[in-house]
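# Observations on the three-dimensional arrangement
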Amino acid sequence: VAGFGVFYFAHSPWNTSLPLATRTQTSDRAELKALAWTLQRAREPTHVKTDNEYVANHATSMIDDLAWNTSPRLPTVHQDLWAIVRTHLLRLGPGNTAVSWIKGHAKQKHLDQGITTKEDMHGNDNADTLAGVGRDLWMVPLITRVGHLTRRTASMIVQKMIVQIFMQRQDH
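Residues numbered from 1 in each chain as written. Predicted model: local features only at pLDDT ≥ 70, side-chain atom pairs only at ≥ 80, totals over all residues. Heavy atoms only, no water.

## Here we look at the packing of helix 2 (residues 53-67) against helix 3 (residues 79-92)
Helix 3 packs onto helix 2 with a crossing angle of 40° between their chain directions and a minimal axis gap of 11 Å. By the criterion of interaxial angle, the relationship of helix 2 to helix 3 is oblique. Seen from above, helix 2 lies across helix 3 with right-handed handedness. The segment helix 2 lies against helix 3, with Tyr54, Val55, His58, Ala59, Met62, Ile63 and Leu66 engaging Trp82, Val85, Arg86, Leu89 and Leu90. (Axes fitted to C-alpha atoms, helices over the stretch in contact; angles between N-to-C directions. Helix = DSSP H or I, 4+ residues; strand = E, 2+ residues; numbered from the N terminus. Parallel < 35°, antiparallel > 145°, perpendicular 65-115°, else oblique. Left-handed = near helix turned anticlockwise from the far one by under 90°. Contact = heavy atoms within 4.5 Å.)

Have a look at this one:
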């Protein structure tokens, strides 16, 4: 049983923990699902950092293909998720997405050696924690999970509308 986590920044409403709802349960698939989930929601240039070399290397290859105006090639494993990634790379357009590898499970010595940054270490640790929560959500009934996500999405839409109204009133 696996889950995936996406960490934007502390207290971000976009931070996510979800179970990996597929028959195949691997770390590569969980990391790839996190990338696909993130790109599906991206509305502006996006830089995704992952501690999974398989995902980082293949995503970068697809981004390079896009930069050369060729259709990004799908890796042979996990084609269903790579197809989602390709769709959203095409939607976002050339030069608007970057995916890079960062050191996972980094320690102070990795900071000292310049292998990672404090920001990347913090982000990766939080994403791993969120993935663990996603894994644990397998125990929560589906109807409860769907209801929570629906309410959270509705709350975010209402918050955005309130900010837009406030900004419009500031202009007058």
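Still to come is the rest of the account.
## Details of a nonpolar patch on the surface
On the surface, Val1, Trp138 and Met139 cluster together to form a nonpolar patch covering roughly 380 Å² of accessible area. With respect to the element layout, Trp138 can be found in the loop between helix 5 (118-136) and helix 6 (142-171). (Patch = residues over 30% accessible without salt bridge, like charges linked within 9 Å, V, L, I, M, F, W, Y side chains within 5 Å. Areas by Shrake-Rupley, 256 points an atom, 1.4 Å probe, with all protein chains shown as cover. Salt bridge = Lys/Arg side-chain N within 4 Å of Asp/Glu carboxyl O.)

## Remarks on unusual backbone geometry
The phi angle at His11 is positive, at roughly 65°, despite the residue not being glycine. Relative to the assigned elements, His11 resides in the loop between strand 1 (3-6) and strand 2 (16-19).

## A closer look at the packing of aromatic side chains
Geometry of an aromatic ring pair is reported as the spacing of the ring centres plus the angle between the planes. Counted by the stated rule, this structure contains 1 aromatic pair. Note on Tyr54 and Trp82: the rings are 5.9 Å apart at their centroids and 75° apart in plane angle, and the pair reads as edge-to-face. Placement of the pair is Tyr54 in helix 2 and Trp82 in helix 3, with a sequence separation of 28 residues. (Phe/Tyr/Trp six-rings, centres within 6.5 Å; stacked < 30°, edge-to-face > 60°.)

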